[in-house]
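Report on the structure
Each chain, letter by letter, is given below.
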Amino acid sequence: MTKGANVGLADLSDDAGSVIASLSWSSTTGDGDADVSVLLLDGVGKVRSDSDFFYYNNPAAADGSVQLLGKTPTDGGSEDRISLDLTAVPADVERIVVAASRYGGSRFGDLEDLRMTVSDRTGDVLLGFSIADAGVESAFLFGELYRRGTEWKYRAIGQGYETGLAGLATDFGIDVDDDEGEAEGPSESTVAGRVVEAPEAQAVPALGEDAAPPVVQDPAPVPRQPVREAGSPAAGPEGTGTGSPASGATTSDPVAAPPKRARGPRTAKKKVTLPAVVKKSLAENDAWSAARLFPAPTLKSDKEREVRATSVLLSVMAQVPEFGRRLTAGFGAPAGRMETFTEVSLPHGDTPKRPDGVIRVERAGKLWTALVETKTNGNVLRSEQVQNYMDIAARRGYEAVITLSNDVALEGSPLVDVKTDGRRKHKVALRHLSWAEVAHQAHMLIRHEGVGNAAHAWLLQELLHYLQHENSGCHGFQNMGPSWIPVRNGIDTETLSQGDARAVEVVESWERLIRQVCLRLGGELGQKTLPVQRAQRGTTPQSRRAALADQLCEEGRLTAGLRVEDSPGVITIVADLRTGKLRTSVEIPAPEGAYPLASAKRLMRQLADAPADLHVETLLDGRSGPRGTLERLRPEPGDMLPADGSRITGFRLSLFKGMGLSRGNAESGFIRSVDDAVDRFHAHVIAHLPAADRRTARRPQEGTKGAASEGAHVAAPASAVAADAPVPA
């Protein structure tokens with residue numbers, strides 16, 4: 001589509017009641033990022049209330065109409081997906097605007113391949129809109145869905161704001177504020193983000209030996225709407241604030257209405273989380289095992305594990321709406337009443353088939369159905385089995401087949417090979433979940449985002465305990481594959497040649513491992529954590545992996561990057577198969593305008609609690625400078641300065657660890673060693689460094705409101721902005 005074009009969704013699909021909007025971009029460094037947001041607007045183009053603005057701290061609507069599904073890594077960038085259930089959108093919402101913003105002085109002109117797509121619930125792309133003229137904008141409107149009678153249409157916008165999130169928000173009747181102290185009035189118990197103990201009157205189920213009582217957490221603050229002071233002109237039809245005050249009205253008029261207080265965060269709906277602090281057990285000794293809702297020790301066969309895992313997961317999905325919605329929204333399921341079933345017999349030829357589970361969601365009299373096929377331990381999905389379920393789903397009018405295993409799906413490398421009959425009008429989506437992703441979503445809800453009540457939090461806690469039990473078989477990616485040992489030996493003996501297919505298999509396993517590390521670390525921290533993939537523009541996943549495999553054969557190293565939200569840089573992981581060492585590192589820029597010695601001393605203060613064996617390397621223009629361990633450099637920070645006075649551009653911090661050799665997840669295995677290396681580096685190094693500059697707009701100060709409003713316009717394309725044109729603050 002071109003900028004300004006529009007199209008009706010009903011013209012593109014017979015089933016456009018639930019769609020997935022995706023925003024994607026890439027960067028040459030692989031670490032460019034932006035935050036997506038969605039606004040629900042009424043007939044005059046304004047939000048109805050604070051709750052109509054959805055972003056990373058307010059990711060889902062209570063009615064299920066909007067849910068931010070998070071980021072998915074792509075080659076060279078990432079893709080943010082948003083589930084939009086158009087059948088659940090309130091009747092007084094006329095437009096749904098999809099936007100994104102950058103922070104810390106970053107601009108959209110620094111990103112490439114800006115694109116928005118809209119897909120139906122099966123994942124088929126209905127439309128696409130690419131943006132090629134982004135420049136100095138720090139916030140961008142990608143597109144909008146709007147009502148026309150009883151139908152929904154899409155309009156490609158592709159315009160941005162130089163004033164960032166503040167400019168975008170002001171135009172739609174919202175003002176972003178990151179200074180909670182400015183909001184007067186909220187009592188101590190309603191301060192945004194404050195965690196308070198659950199009321200004693202609330203019934204809290206027993207949590208077992210490894211959980212403390214739940215806490216009730218207020219929702220994250222959402223941007224507040226601007227407040228018009230008494231006697232100020234009313235907003236015109238476009239919200240510009242133009243007009244004249246009422247005749248005779250003055251600020252000293254005794255009958256004038258008092259100024260309205262700024263609205264604080266909405267606190268009507270509490271969220272319950274479980275604290276990470278372990279409550280002291282009442283057991284006499286460690287040999288006492290706590291009673292569990294989902295016991296795992298008695299499982300003896302893989303069949304038992306598959307049946308138990310399916311039943312446990314599907315039952316919790318049906319009983320905890322937030323969790324069930326979180327796992328199915330990305331597959332096109334509507335927001336509605338969910339029921340789940342196991343071991344359902346369905347006719348198929350001469351022999352009925354029994355999928356491990358069935359998920360059904362009802363909304364407005366319509367049903368969404370998915371068949372579930374589950375594998376545990378190292379058991380792989382079988383193409384023939386999944387093909388049968390795809391055929392059954394197509395014949396019965398079901399919407400999806402969901403596979404669930406310890407494997408991690410990769411773009412361009414399907415786990416099973418199935419064929420679809422293009423002659424069928426009804427399309428069935430094939431989706432995959434890893435057990436690591438299930439655990440990640442449960443962890444995010446009970447530790448960071450919260451669920452509706454304490455019983456739901458306890459159910460998720462029991463689910464997590466089951467998944468993490470050594471006998472459950474649901475531990476995620478656990479094996480580097482049969483090619484790991486031959487490739488490692490070939491590198492050691494220098495007999496591995498470029499083009500060897502086994503090297504590609506190892507690269508794919510490495511990529512799966514890194515994605516699982518991101519899920520685990522992100523769940524523990526409550527922060528977005530994504531792999532960083534650097535690739536040339538237009539490179540396919542297969543060609544990128546082939547190039548990495550050739551690099552592995554030549555250099556004997558596997559390299560990957562992780563980007564943790566708000567961290568000062570990308571965490572780089574290098575597994576050197578020749579030396580048997582793992583290196584985790586991060587590069588941080590030197591403060592601008594600071595004296596070199598002051599920068600070195602400042603870094604030493606930040607690393608006061610870091611391990612003594614941390615390696616610190618000074619980075620100069622195009623080369624490396626002095627280096628040494630923290631133990632040696634702490635007494636003499638001046639040793640970090642180059643003798644020739646070259647300009648310092650930053651510092652590289654590294655930790656080294658011995659690499660596990662076996663392909664599995666045993667104590668001496670490679671996978672366990674990578675997990676341990678990343679955990680240690682983040683806990684002892686990254687956590688002590690200042691967070692990245694994630695700026696949010698402040699409320700305009702008195703006397704500058706008019707200027708801010710004038711600056712909150714939709715910016716012209718970068719090509720039309722004069723070089724000396726002022727940029728509104």
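Considering the overall build of the protein chain
In terms of regular secondary structure, the protein chain is built from 13 helices and 26 strands. When each of the 729 residues of the protein chain is scored for burial, the buried share is 49%. Within the protein chain, contacts between residues at least 6 apart in sequence are counted, and of these 72% link residues at least 24 apart. Accessible surface, the protein chain: about 33900 Å² in total, of which carbon and sulfur atoms supply 50%.

Describing the sheet that holds strand β8 (residues 112–120)
What the 5 strands build is an open sheet, ordered β5-β6-β2-β8-β9; its pairing is antiparallel. The open sheet is flanked by β5 (66–74) and β9 (125–131), the only strands paired with a single partner. Each strand of the sheet is rotated relative to its neighbour by a mean of 20°, with strand direction disregarded. Of the strand pairs in this sheet, strand β2 (residues 18–26) and β8 are connected by 7 bridges, and their pairing is antiparallel.

Comments concerning the pattern of salt bridges
Tallied over the full model, the rule gives 33 salt bridges. The partner of Arg647 in a salt bridge is Asp621, with the nearest N and O atoms 3.0 Å apart. In this pair, Arg647 is assigned in the loop between α11 (630–633) and β26 (648–658) and Asp621 in the loop between β24 (615–620) and β25 (623–629), connecting sequence segments 26 residues apart. Each of Arg583, Glu587, Glu617, Arg627 and Arg652 takes part in a single network of salt bridges with overlapping partners.

Quick look at the pairing of strand β22 (residues 571–576)
Here β22 lies mainly inside the structure; 5 of its 6 residues are buried. Note that strand β21 (residues 557–564) and β22 share 6 bridges and pair antiparallel. Within β22, the position partnered with Arg557 by the bridge is Asp576. Between the antiparallel neighbours β21 and β22 lie 6 residues, among them Asp566 with a positive phi of about 70°. Note: β22 against strand β23 (residues 581–589), 6 bridges, orientation antiparallel. Paired with Ala575 across the bridge in β23 is Leu582. Connecting the antiparallel pair β22 and β23 is a turn made up of 4 residues, with Gly580 showing a positive phi of about 70°.

Structural notes on the sheet that holds strand β17 (residues 366–374)
In spatial order, the strands read β15-β16-β17-β18-β19; together these 5 strands make up an open sheet with mixed pairing. Looking at which strands have only one partner, the edges of the open sheet turn out to be β15 (337–342) and β19 (429–434). Here the strands of the sheet are splayed against their neighbours by 20° on average, with no regard to which way each runs. Strands β15, β16 (357–363), β17 and β18 (400–405) of the sheet are contacted by helix α2 (residues 302–319), whose axis makes an angle of about 165° with β15. Contacts from helix α4 (residues 383–396) reach β17, β18 and β19, with the element oriented near 170° to β17.

Quick look at helix α9 (residues 541–555)
Between its first and last C-alpha, α9 extends 21 Å over 15 residues, near the 21 Å set by a 1.5 Å rise per residue. Every buried residue of α9 is listed here: Pro541, Arg544, Arg545, Ala549, Leu552 and Cys553. Turning to α9, the residues buried within the fold contact α7 (484–492), α8 (501–525) and β21. Backbone geometry just downstream of α9 places Gly556 in the positive-phi region, at approximately 75°.

Looking at unusual backbone geometry
The backbone of Asp113 shows a phi angle near 55°, a positive value even though the residue is not glycine. Tracing the chain through its elements places Asp113 in strand β8. Of the residues examined, Asp113 reaches a relative accessible area of 34% and is grouped as partly exposed. With a phi angle near 50°, Glu343 is a residue other than glycine that sits in the positive phi range. Mapped onto the elements of the fold, Glu343 is located in the loop between β15 and β16.

About the thresholds
- Here, residues in each chain are numbered from 1, in the same order as that chain's written sequence.
- Reporting in this predicted model follows two pLDDT cut-offs: at least 70 for local features of residues, and 80 or more for side-chain atom pairs to be given and counted; totals over whole chains, interfaces and linings ignore these cut-offs and use all residues.
- Derived side-chain values reflect all non-hydrogen atoms in the structure, with water molecules and hydrogen atoms excluded from consideration.
- Numbered from the N terminus, helices here are DSSP runs of H or I no shorter than four residues, and strands are runs of E no shorter than two.
- Working definition: with a 1.4 Å probe on protein chains only, accessible area under 20% of the residue-type maximum means buried, over 50% means exposed, and in between means partly exposed.
- Residue contacts are counted whenever heavy atoms from the two residues lie within 4.5 Å of one another.
- Residue-level accessible areas treat just the shown protein chains as cover; the underlying method is Shrake-Rupley with a 1.4 Å probe.
- Pairs of strands are assigned from DSSP output, requiring at least two bridges between the strands.
- The convention used is that axes are lines fitted to C-alpha atoms, helices contributing only their stretch in contact, and that angles between N-to-C directions extend from 0 to 180 degrees.
- Any carboxyl oxygen of Asp or Glu within 4 Å of a side-chain nitrogen of Lys or Arg constitutes a salt bridge here.
- To estimate the expected span of a helix, subtract one from its residue number and multiply by 1.5 Å.

In short, shape yes, function no, at least from these values alone.
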